[in-house]
Amino acid sequence: MKFTNIDINEIDIKDDRFRISYFVSLEDLIESIKTAGLINPPVLSFRGERPVIVSGWRRVLACRKLSFKSIPVFISEEMDDLEAFKLAVYENISIRKYSIVEKAEVLKKIKGFGAGEEEIVRKYLPLLDIPPLLKYLDPYLKIAEFELELKKLIHSRNTDFNVLQLLAEFSPPERTLLLPYILPLGKNKQRALVTTIYELSRKEEMSAADILSLPDVGKISEDEKLSPLLKAERLCFLLEAKRNPVLNSWNNAFDKVLKGLNISSGIVVTPSAFFEKENISLNFSFKNREEFLKKLSELRKIADSKSFSGLFKHFSDD
Amino acid sequence: MIDINNFPEKIFIEKSSFEYPLTRSILKKLDHVPFEVIENIQVLEADLAMSRDPVGKGKRYLLLTRQKGDFVKPCPCTPQYLGCNYYIINLDLNCPLDCSYCILQQYLASPIVTVHVNTDKLWVQLDSFLQQNRRPLRIGTGELGDSLVLDHLTGRSRELIRYFRQKRSALFELKTKTVNIKNVMDTEPAENIIIAWSLNAGKIAQTEEKGAPPVEDRLQAAKEVIKKGYRVAFHFDPIIRFSGWEDGYAEIVEKMLKKIPASKIAWISLGSLRFPKGLKTVIAERFPDSRIIYEEFIQGMDGKVRYFLPLRMELYEKITGFIRGRVGKKIPLYFCMESKKVWKKVFKKEPESKERIESYLSLLPGCRRL
């Protein structure tokens, strides 16, 4: 490895064959270089007449922003693309953890440079904190093919791997349609929504595009009063009901009976999870004996009302 | 696609298991199949790691090893639901058949079809177990693998039937989807030996049970063992909802009862599709054309995925109706891994405990009371 100074404009930044991260922020690095200078020189390697960046993309881009004329660099000895890329991977991994999109990019490139699947599985998957099983390679390679805008978003939001794995099952136009609904949600709800849409599409043999163009979905997306988050949540609720129509009807029936009982807000009545047990739970709080007796008297009235038995309708032995 | 006639592609023998008679006998029968003696199973795990379908690859290998733990165990059943006090003998693990819904794809640590060759220990453990449990009970081998699918290689059915013929308090069950009954047919039957078949609607057997014979062939095999003098049992498990399920199950029940006299059926179990949460991904990956995981499921009290209660009830009520409508209450029916509530609603009887179910199923006809 040769240490030298190089004219920054000589570096071929159009050749990004060894680049791992596309979604980088330069501000903090610019401040650091302004204060302390470029402490850690980038590594370059000649491809044809011009040097390309092996490692240190952010550093080169920050120095260009700062209008540096020349910068100190290491020029690697002649090595093939695979060797050079390995160097980039190892240097980066020693400083930070890769996001899922970056891991996908690393695996795609390392495969493209000719590394065999066995080498990737045994050496690079563990290096990237991925279990060393071939079946884990394919999902990452699919994520690497995602549209650039989508990759940028999932990189910045640290999206859950399971969500990405499912997104890979949709076509690029479908992914574009899904994005506005997925992004406002938290990780768990993202996963729930993508799973519901995927399963619904399999069950009903409809495409995601067909599902998202259903009239009741259209009503949600066209409602200008709703924020993106509310739209996404309404969509979750609506599609969940379509995915599980019987459970939805039982929940609605239970809620209807409860509504008819006019129970005061301090008393909560809930069925067992998914109605698996016949028990119904009752929860209320009280501050003193008087309040306790008041609640009991209300409960007594509820128990005497005609519609009370409706709560047990699904469990009746008749 | 698994072809069980070409099973296995390769045999692996754990070094310490090489000298067992069963190892020698299997190697002799499979002298055309390459084999490799390995120090330990880790070697195989590394091999499977390089497959996009480790489960499918494991189904093409045969591992001969020793059972290091207990052969005989209580059936684990599932928490929060009613068990039947069944006991299992863990002789062989995994199965070359490739049923989409099989929980073994995820349940066991290794996907390799495994035969435990140290059967000398089995008899000692069985003697001790039966000494300690002298009541009528049910015990069988078909829990972690098909009881007969490897029987042409292991000859286990012969030895087990001969053993249990002497232990009349235990009802011994061999549970299979295959028609691999040659050894069974060559062995003297006994009242306490039950040969059982898993049955399903024809469409499910055809699309979801790769490598398994058609249900009609299974019923023919059942008829043959009855002719030999055995009693049989049937397991409708997993019962699966699909478009036309009602007709599909009516048809198979009709075929079963037309071919098999009710008096020869020791019991019929019913269990609807259920599986650990993680299996859904395995099924989706390994069987992309299967639709069985896209029905309406909930997370049960045991954390497993199962059909929402009214959908299970509908399945059970219909199938019970098909059976009882034809033969009344002549055949004991029971649920596998269901709640007391389901028992009560479908059978109009709620068993007090799993011990009660055990005695209901393991006593002779006439002595039964749930």
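Computed from a prediction, not measured in an experiment: that's the story for all the values here. (Residues numbered from 1 in each chain as written. Chains lettered and ligands numbered in written order. Predicted model: local features only at pLDDT ≥ 70, side-chain atom pairs only at ≥ 80, totals over all residues.)

Remarks on the overall build of chain B
- Scanning chain B for helices and strands turns up 15 helices and 18 strands.
- Its C-alpha atoms give chain B a radius of gyration of 20 Å, near enough to 21 Å, the size a compact globule of 370 residues would have.
- The principal-axis extents of the C-alpha atoms in chain B amount to approximately 55 × 45 × 35 Å.
- Evaluated residue by residue, chain B yields a buried proportion of 44% over its 370 residues.
- Partitioning the contacts of chain B with sequence separation of at least 6, the portion at a separation of at least 24 is 78%. (Helix = DSSP H or I, 4+ residues; strand = E, 2+ residues; numbered from the N terminus. Rg over C-alpha atoms; globule rule 2.2 N^0.38 Å. Buried ≥ 20, exposed ≤ 12 C-beta atoms within 10 Å, placed from the backbone. Contact = placed C-beta atoms within 7 Å.)

Regarding the overall build of chain A
- Looking only at helices and strands, one finds 15 helices and six strands in chain A.
- Taking 20 Å as the expected radius of gyration for a compact globule of 318 residues, we find that chain A reaches 29 Å, considerably beyond that expectation.
- Taking the principal axes of the C-alpha coordinates as reference, chain A spans close to 90 × 50 × 40 Å.
- Here chain A, with 318 residues, has 23% of them falling under the buried criterion.
- A separation threshold of at least 6 residues defines the contact pool for chain A, and within that pool the share at least 24 residues apart is 69%.

So, the sheet that holds strand 8 (residues 113-116) of chain B
- As summarised here, the arrangement of the five strands in space is 2-1-3-8-6 (chain B), forming an open sheet in which the pairing is mixed. At either margin of the open sheet sits one strand with a lone partner, and together these are strand 2 (35-38) and strand 6 (92-93) of chain B. (Pairing = 2+ DSSP bridges.)

Thoughts on helix 11 (residues 245-259) of chain B
Residue and element names in this part refer to chain B.
- The terminal C-alpha atoms of helix 11, which comprises 15 residues, lie 21 Å apart, in line with the 21 Å expected from a rise of 1.5 Å per residue.
- Within helix 11, burial applies to Tyr249, Ile252, Val253, Met256 and Leu257. One face of helix 11 carries all of its buried residues, which in axial projection span an arc of 125°. Looking at helix 11, the residues exposed on the side facing more than 90 degrees away from the buried face are Asp247 and Lys258. (Expected span 1.5 Å × (residues − 1). Arc of directions from axis to C-beta.)

A short note on the pairing of strand 3 (residues 61-65) of chain B
Residue and element names in this part refer to chain B.
- Burial within strand 3 is extensive, with five of its five residues counted as buried.
- Going residue by residue along strand 3, you find Tyr61, Leu63 and Thr65 tucked away on one face and Leu62 and Leu64 tucked away on the opposite face as well.
- Bridge count for strand 3 against strand 8 is four bridges, and the pairing is parallel. The residue of strand 8 that forms the bridge with Leu63 is Thr114.

What about the packing of helix 1 (residues 27-36) of chain A against helix 2 (residues 57-65) of chain A?
Residue and element names in this part refer to chain A.
- Look at helix 1 against helix 2: their axes get within 9 Å of each other, and the N-to-C directions meet at 70°. In this view, helix 1 runs roughly perpendicular relative to helix 2, as classed from their interaxial angle. Our pair here, helix 1 against helix 2, has a crossing hand that is right-handed. Counted together, Leu29, Ile30 and Ile33 of helix 1 and Arg58, Arg59, Ala62, Cys63 and Lys65 of helix 2 form the full contact between these two elements.
- Here the residues of the contact of helix 1 with helix 2 are counted per class, giving five nonpolar, no polar and three charged. (Axes fitted to C-alpha atoms, helices over the stretch in contact; angles between N-to-C directions. Parallel < 35°, antiparallel > 145°, perpendicular 65-115°, else oblique. Left-handed = near helix turned anticlockwise from the far one by under 90°. Nonpolar A, V, L, I, M, F, W, Y, C, P; charged D, E, K, R; others polar.)

Points about the domain arrangement of chain A
- With domains assigned, chain A is organised as domain 1 (1-96), domain 2 (97-145), domain 3 (159-243) and domain 4 (250-315).
- Taken over C-alpha atoms, the centre of domain 3 of chain A sits 34 Å from the centre of domain 4 of chain A. (Domains from an automatic or database assignment.)

Overview of the pairing of strand 9 (residues 137-140) of chain B
All names here are of chain B.
- Side chains Leu137 and Ile139 project from strand 9 onto one buried face, and the interleaved Arg138 and Gly140 project onto a second face that is buried too.
- Here two bridges tie strand 5 (residues 87-89) to strand 9, and the two strands are oriented parallel to one another. Among the inter-strand pairings, Ile88 is bridged to a residue of strand 9, identified as Gly140.
- Sheet topology note: the strand 9/strand 10 (residues 170-176) ladder contains four bridges and is parallel. Bridge pairing links Ile139 to Phe172 in strand 10.

Re the interface of chain B and chain A
- Listed by partner, the interface residues are 19 residues for chain B and 19 residues for chain A.
- Looking at which element gives the most residues to the side of chain B that touches chain A, the answer is helix 13 (residues 309-327) of chain B, with three residues.
- A per-class count over the side of chain B that touches chain A returns ten nonpolar, four polar and five charged.

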